[in-house]
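Each chain is listed here by its residues.
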Amino acid sequence: MPGKVNPVIVESLTMVVARVVGNDATVGFAQTGSLLPCIALHSLNNSLAFGVTQGWTWQIPLLMVVSLAILTLILTPIVRRAALAVP
């Protein structure tokens with residue numbers, strides 16, 4: 001049947017994308033010793049994806065800035081507490 005998508009191709013592409021994301025998280029953790037940069041990148045990616053699916057234009061950068069600000073407000077006390085606990 002013309003136009004039919006083989007599900008094996010979609011599944012293999014999903015595995016490749018998961019591998020790339022995993023490698024990126026591994027390198028990020030190795031470089032910084034923390035997963036916080038990966039969390040921030042994930043927040044930006046979710047903001048972008050949500051804005052695109054909603055058909056937004058100028059609201060997407062605003063949503064990205066707001067998501068990073070919220071992430072900063074949440075993680076700043078946690079990071080400070082962890083820094084004080086390290087001898």
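One can find the structure itself at the top, above this paragraph.
Residues numbered from 1 in each chain as written. Predicted model: local features only at pLDDT ≥ 70, side-chain atom pairs only at ≥ 80, totals over all residues. Heavy atoms only, no water.

When helices and strands are tallied, the chain shows three helices and zero strands. From first element to last, N terminus to C terminus, the chain shows the α and β order α-α-α. Relative to its length of 87 residues, the chain is extended, with a C-alpha radius of gyration of 18 Å against a globular reference of 12 Å. In terms of overall dimensions, the chain has a C-alpha envelope of 65 × 35 × 15 Å along the principal axes. Every one of the 87 residues in the chain was classed for burial, and the buried ones make up 9%. When the accessible surface of the chain is summed, it comes to about 7100 Å², and 74% of that surface belongs to carbon and sulfur atoms. (Helix = DSSP H or I, 4+ residues; strand = E, 2+ residues; numbered from the N terminus. Rg over C-alpha atoms; globule rule 2.2 N^0.38 Å. Buried < 20%, exposed > 50% of the residue type's maximum accessible area, 1.4 Å probe, protein only. Areas by Shrake-Rupley, 256 points an atom, 1.4 Å probe, with all protein chains shown as cover.)

A separate point is helix α2 (residues 36-53). Over its 18 residues, α2 extends 26 Å from the first C-alpha to the last, a length consistent with the 26 Å expected when each residue adds 1.5 Å. Among the residues making up α2, those that are buried are Ser43, Ser47 and Gly51. Looking straight down α2, one finds that the buried residues subtend no more than 60° of arc, so they occupy a single side. Looking at α2, the residues exposed on the side facing more than 90 degrees away from the buried face are Val52 and Thr53. In the core, the buried residues of α2 are packed alongside α3 (59-85). Gly55 sits one or two residues past α2 and shows a positive phi near 80°. (Expected span 1.5 Å × (residues − 1). Arc of directions from axis to C-beta. Contact = heavy atoms within 4.5 Å.)

Let us now look at the environment of Thr53. With respect to the helices and strands, the residue Thr53 is situated in helix α2. Engagement of the side chain of Thr53 in a polar contact is seen with the backbone oxygen of Phe50, the distance being 2.8 Å. (Polar contact = N/O pair within 3.5 Å; in protein donor to acceptor, adjacent residues only side chain to side chain.)

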